[in-house]
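Structural features, examined
The chain contents come next:
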Amino acid sequence: MESRWYKLLGLTFCCTLVMIFDVVQPAAAQRAGYWQQHVSYMMNVHLNGETHKVNGHQKAVYTNHSPDTLTHIYYHLYFNAFQPGSMMDVRSRTLPDPDSRIGSRILHLNKTQIGYQHIQSLTQDGKRVNYQVQNTILEVKLDHPIAPGETSTFEMDFKSQVPLQIRRSGRDNKEGVDYSMTQWYPKIAEYTDDGWQTHPYVEREFIGVWGDFDVTITLDSAYTIGGTGYLENPQEVGHGYEDPSKPLDKPEGNELTWHFYAPNVHDFAWAADRDYTHEIYQVPDGPKVHILYIKSPKTSHWDIMGKETVESIEWLNKHVGTYPYKQYSVIQGGDGGMEYPMCTLINGEESERSLIGTMTHELTHNWFYGVLGSNESLYPFMDEGFTTHFSSKMMKDVYGGPENPLLGSYLGYLNIKYHKLEEPSITHADRFETNYAYGISSYSKPAAFLDQLSYIIGEKNFEKGIKRYFKTWKFKHPDPHDFKRVMEKQSGMELDWYFRFWLHSTDKIDYKISSVEHNSDSVKVKLHRIGDATLPIDLVVNYADGTKEMHNIPLGIMRGQKPEDPGYDRWIYEKDWAWTKPDYTVTIATAGKPEIQSIDIDPSNRLADVNRLNNRTPFPLKLHFMEPASPIDWDHYQASIRPAVWYGQQSGLRIGFTSSGSYLFGDKALDLDFFLTSGVLDDYQIGHTDVDYRLKYRHQMDNWGKETYLSTSLRRYYGIFEEYIELKKQLGTYGFLENTKRTLAFRAFHQAKTAERQVSNLGSGWERGDVYGFDFRFTYGNAARNGFTVHAVAATHRDLFSASYTEFSGNKTYDWTPKFSTRLGLAFGMGTRQLPRQYRWTVADPSPAQLWQNETFTSFYNLLGNQTARDLHLVGNGQNGLIGYGLSGIGFPDFAGNNYLTATVWNTYKPIRKIPLNLELFSGLGKSWNGVFLSDMPVFGDPDNVPLLFSVGAGASYDVSQINSIRRWTAQSRFLQKLNLSLRVPFYMNNLNQHSNFKPRFVFGLSERF
Ligand SMILES: [Zn+2]
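Since the model is a prediction, treat every value here as computed from it, not as a measurement.

So, how was this worked out
- Residues numbered from 1 in each chain as written.
- Predicted model: local features only at pLDDT ≥ 70, side-chain atom pairs only at ≥ 80, totals over all residues.
- Heavy atoms only, no water.
- Helix = DSSP H or I, 4+ residues; strand = E, 2+ residues; numbered from the N terminus.
- Buried < 20%, exposed > 50% of the residue type's maximum accessible area, 1.4 Å probe, protein only.
- Lys, Arg positive; Asp, Glu negative; His and termini not counted.
- Charge placed at Lys NZ, Arg CZ, Asp CG, Glu CD.
- Pairing = 2+ DSSP bridges.
- Core = buried A, V, L, I, M, F, W, Y, C linked by side-chain atoms within 4.5 Å.
- Contact = heavy atoms within 4.5 Å.
- Phe/Tyr/Trp six-rings, centres within 6.5 Å; stacked < 30°, edge-to-face > 60°.
- Lys NZ or Arg CZ within 6 Å of the ring centre and 35° of its normal.
- Polar contact = N/O pair within 3.5 Å; in protein donor to acceptor, adjacent residues only side chain to side chain.
- Axes fitted to C-alpha atoms, helices over the stretch in contact; angles between N-to-C directions.
- Parallel < 35°, antiparallel > 145°, perpendicular 65-115°, else oblique.
- Left-handed = near helix turned anticlockwise from the far one by under 90°.
- Nonpolar A, V, L, I, M, F, W, Y, C, P; charged D, E, K, R; others polar.
- Expected span 1.5 Å × (residues − 1).
- Patch = residues over 30% accessible without salt bridge, like charges linked within 9 Å, V, L, I, M, F, W, Y side chains within 5 Å.
- Areas by Shrake-Rupley, 256 points an atom, 1.4 Å probe, with all protein chains shown as cover.
- Salt bridge = Lys/Arg side-chain N within 4 Å of Asp/Glu carboxyl O.

1. A look at the overall build of the protein chain
Scanning the protein chain from terminus to terminus reveals 16 helices and 52 strands. Expressed along its principal axes, the backbone C-alpha trace of the protein chain runs to roughly 100 × 80 × 50 Å. Of all 1010 residues assigned to the protein chain, the portion counted as buried reaches 56%. A gap of 5 Å separates the mean positions of the 102 positive and 114 negative side-chain charges of the protein chain.

Structure, rendered in structure tokens:
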């Protein structure tokens, strides 16, 4: 589940464009004294399609509008990031959850695949200047300072190699697009009232100097180009850009020169391919839309791209502000989706929804990254978050989507809160400790928090405020403060408290209805704030006649209240809630009103409350009968219930129900089973009805750090009673993202054999009486594949503190091919001599205590009956057992002991990817014995001792829990979730009494994930 949300929300977008002319706007509507730099680029570049090298000449006319005298200037050389050992390479390899597009790919680039930008010469106003390159930054000491208001002209010659496409830019991307030319030229770094913005290219993202680009690109005439700007020489180029009513005027030779002009933008990008199809659409009274893609069956969804782009531009014009340029291009290229001024590069071979989703997201960037050129390095949320918010809403309106288009953003935010990996949104884009936190803090949280802003200031204020923000700050670099001020002016409220909470903290929101008191003509509702974050509260009363009454409780520090939102029959403003007070009481006058049906804190779902179960009275339960519950529901506790019947030849009929429930991401998980049983077990006549039950509850411990869970369980099953309380904690800084998970579990337990009922399959049996003890377990990695578990138990039995044992089991798996693997296993255990029978091991079967936990096996065994199960050679497999020695009548008398040691080798072949069938070749060596672990260990070949046992065989196993078509039932059944069937042929076994070692024999196995 985590990974699914992570994938959904850790979107593969990244992003940044704009237009004012040369004149910097005075600070009329914005920050007093606001200024910004300006540059005009003139570039002539030649791309060699054989060597992937670019020769370029760049002239940049740079004007210093700052009040400071500049002695240095800086350029970005982004292609240098694609070299082994670069900051991008190292960062990617040291993050716990690297971007899979980068991973360690940069490290493995060879000389012809790396990217670079070599500066051949650089002058300021005709004079040579000194410079040095540090990673992706070119540092230039000026020949002469640039005083406020002055202009300098920089000229350079540069040579570049276009890297193999790794991230955003490069040649030959995975879909075969020849050139994705983004972050491709030496680009002057921005200087703002916050100083130089020389962020090295580590991964994300950008800020540039507002200006104009005049770019000529010469390359083989076979290539079609799409990108930023307006093509100035369409008749010389053709490729679909020409005016068909006029004649083409193509030059002689194999090459074409494309001349683009882009006014008032902060970057310039382009892409080129020999196979592009070029389509043109027109937004009524708006820009031309160019669609460029490689036509193939894999890109069939591009046929609706033009229409969808036109409709999306119209939507954004209406809801945010008017698109100010004459063209927009959707171009297949890059590695996901990335915005550039007047264009986007997106992957093309996607499903229709994904394709349109990416296009709408990247297009929306052109209003935020593009026209409101916020600093994406310092404030990534101002771009990605705002973009996600509006593209989600637009997607619903234009293409169709979920009823609440921002629910996904809220759930992403709630998910990271659940896993405790959130970092403040104000974090520098490259400095988040995980990609996951960057994704949530920059996309989901701000998208949701903008929605929450409309909850605070009212929908109308929000809608007007966004347009006012766009109008005030277009073609500049607004920061969070600027946005806050616009929203304050629009709403007339103070909002610092909200922005500080949103940007600088990871405080959580949790309000609850703590009590409801019914009086004769009023109802008193007591509210309580559990979380640190303070917000205004919408308390909505739903009456039996369908009317809705809003009790709006403003925060005192807002110095205002929102205007009435539509949809309520009565709107009552309550007195202010002071933020220091955790409690608040609302009195609802009920005289003459119908009966109250429910009371809700924020039924609009715009308050990012981590627990909505306590927001509502009555308790919001959704119960499913014979259907699985949804694991993700923000509004309800979801539970499923179904009747269950089982028959065992010995146990008789077992009738009851089984139920399970949980809240959002599996928290507060409750398992409840109840069975009435009758019958005969363990050769004893019961003669009366008995009860089996299970009550288990698992809860995340909110204040105990990451991934900490408390479980309690009461269970009675086939005559054995168990109760325990367990605390389980995963170690490490990165919680569920840790590459190698390390988990500690500590359990206090009580087990007892309570009745004469006992499952006859429990090997050496279960001793009567109570056992009290502690159970400690440390698991490193995936113990069943690559990792190990150390398990220690100390317990009392028959009044002695003697039933203690320690066990180790570990595995190492080698995946030779995706289908073929070898697993090496080692397991041993040592226990005290008085170890009760239920904990004694054999090398053939799990211990009786482990078998009892294996419901799948016990249930089947009893269904079949003792004799049939034996005839079927049914065994309950354990992780490291020696196959075959568990067969009844095999003739070896003494399997169980207080020590054991096994070593196993499993070769597994999975012939068909989608079918959960494994073919196996196995061998195992081991023994269980009594006495002291080392001194009494049996020695191979010692005739006086019991030698080591050895078995070899082949088999097949089928994992029923992986069958998709029965998922509905698997989701409701612990039995099915664990059902793994196996048929194995241990054709060689040594040291058998009265049996030959080589013999065809079979074992039918039932186990949990074996
Ligand atoms: Zn984006």
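Don't stop here, the text continues.
2. Remarks on the sheet that holds strand β16 (residues 224-227)
Ordered in space as β10-β11-β19-β16, the 4 strands form an open sheet in which the pairing is antiparallel. Edge positions in the open sheet fall to β10 (170-171) and β16, since each of these has one partner strand only.

3. Observations regarding the nonpolar core
Judged by nonpolar contacts, the single largest core of 174 residues is most densely connected at Trp184, Trp270, Phe483, Tyr498, Leu527, Leu535 and Ile537. Not counting residues up to four positions away in its chain, the partners in contact with tryptophan 184 are Met43, Val45, Phe79, Gln117, Ser160, Val215, Phe268, Ala269 and Trp270. In terms of nonpolar packing, the next biggest core, distinct from the first, is built from 29 residues, Trp766, Tyr805, Trp852 and Phe857 among them.

4. A look at the sheet that holds strand β2 (residues 38-48)
Spatially, 8 strands are ordered β6-β5-β9-β3-β2-β15-β18-β17 in an open sheet, and the strand pairing comes out mixed. Only two strands of the sheet have a single neighbouring strand rather than two, namely β6 (127-128) and β17 (230-231). In terms of strand pairing, strand β5 (residues 116-124) meets β6 through 2 bridges, oriented antiparallel. Across the sheet, residue threonine 123 finds its bridge partner in β6, namely arginine 128.

5. Examining the packing of aromatic side chains
Any aromatic ring pair is given by two values, namely how distant the centres are and how the planes are angled relative to each other. The full count for this structure, using the stated rule, is 72 aromatic pairs. Taken together, a centroid distance of 5.3 Å and an interplanar angle of 15° make the contact between tyrosine 780 and phenylalanine 788 stacked. Taking the relative accessible area as the measure of exposure, tyrosine 780 reaches 34% and is therefore partly exposed. Judged by its relative accessible area of 26%, phenylalanine 788 falls in the partly exposed class. Over the aromatic face of tryptophan 634 sits the side chain of arginine 612, whose NZ or CZ is 4.4 Å from the ring centroid.

6. Some thoughts on unusual backbone geometry
Here the residue pair threonine 617 and proline 618 is connected by a cis peptide bond, since its omega of 0° sits within 30 degrees of zero. Tracing the chain through its elements places proline 618 in the loop between β32 (616-617) and β33 (621-625). Located in the positive-phi region is asparagine 135, a residue other than glycine, with phi close to 55°. Note that asparagine 135 resides in the loop between β7 (130-134) and β8 (137-146).

7. As for the side chain of histidine 389
Mapped onto the secondary structure, histidine 389 falls in helix α6 (residues 380-398). In this structure histidine 389 comes out as buried when scored by relative accessible area, which is 0%. A polar contact is formed between the side chain of histidine 389 and the backbone oxygen of alanine 447, at a distance of 2.9 Å.

8. Regarding the packing of helix α5 (residues 352-371) against α6
Between α5 and α6, the shortest axis-to-axis distance is 8 Å and the interhelical angle comes to 130°. By the criterion of interaxial angle, the relationship of α5 to α6 is oblique. Considering how the two elements wind past one another, α5 and α6 form a crossing that is right-handed. On α6, the residues touching Arg353, Ile356, Gly357, Thr360, His361, Thr364, His365, Phe368 and Tyr369 of α5 are Met382, Asp383, Glu384, Phe386, Thr387, Thr388, Phe390, Ser391, Met394 and Met395. When grouped by side-chain class, the residues that make up the contact of α5 with α6 number 8 nonpolar, 8 polar and 3 charged.

9. Remarks on the pairing of strand β48 (residues 899-909)
In this sheet, β48 lies alongside strand β46 (residues 820-831) in antiparallel orientation, the contact comprising 11 bridges. For phenylalanine 828, the partnering residue across the bridge sits in β48 and is leucine 901. By the bridge criterion, 11 bridges tie β48 to strand β49 (residues 917-929) in an arrangement that is antiparallel. Within β49, the position partnered with tyrosine 900 by the bridge is serine 928.

10. Side note on helix α9 (residues 459-473)
With 15 residues, α9 ought to run about 21 Å at 1.5 Å a step, and its terminal C-alpha atoms sit 21 Å apart, in line with that. Tucked inside the fold, the buried residues of α9 contact α4 (305-319), α5, α6, α8 (435-457) and α10 (480-491). Backbone geometry just downstream of α9 places phenylalanine 475 in the positive-phi region, at approximately 65°.

11. Considering a nonpolar patch on the surface
On the surface, a nonpolar cluster with roughly 610 Å² of combined accessible area is contributed by Tyr814, Trp816, Phe820, Leu824, Val905, Tyr909 and Leu919. Taken together, the elements giving at least two residues each to the nonpolar patch come down to β46 and β48. With respect to the element layout, valine 905 can be found in strand β48. The class of valine 905 is partly exposed, set by a relative accessible area of 30%.

12. Overview of the pairing of strand β26 (residues 522-529)
Sheet topology note: the strand β25 (residues 511-518)/β26 ladder contains 7 bridges and is antiparallel. Each bridged residue has a counterpart across the sheet, and for valine 516 the counterpart in β26 is valine 525. The antiparallel hairpin formed by β25 and β26 contains 3 residues in its connecting segment. The pairing of β26 with strand β30 (residues 583-589) spans 7 bridges and is classified as antiparallel.

13. Comments concerning helix α7 (residues 407-419)
The end-to-end C-alpha separation of α7 is 18 Å, in line with the 18 Å expected for 13 residues at 1.5 Å each. Within α7, 11 of the 13 residues are buried, leaving the element largely enclosed by the surrounding structure. The set of residues buried in α7 consists of Ser409, Tyr410, Leu411, Gly412, Tyr413, Leu414, Asn415, Ile416, Lys417, Tyr418 and His419. Positioned one or two residues after α7, lysine 420 has a phi angle of 60°, which is positive.

Read these as spatial facts, not as claims about activity.
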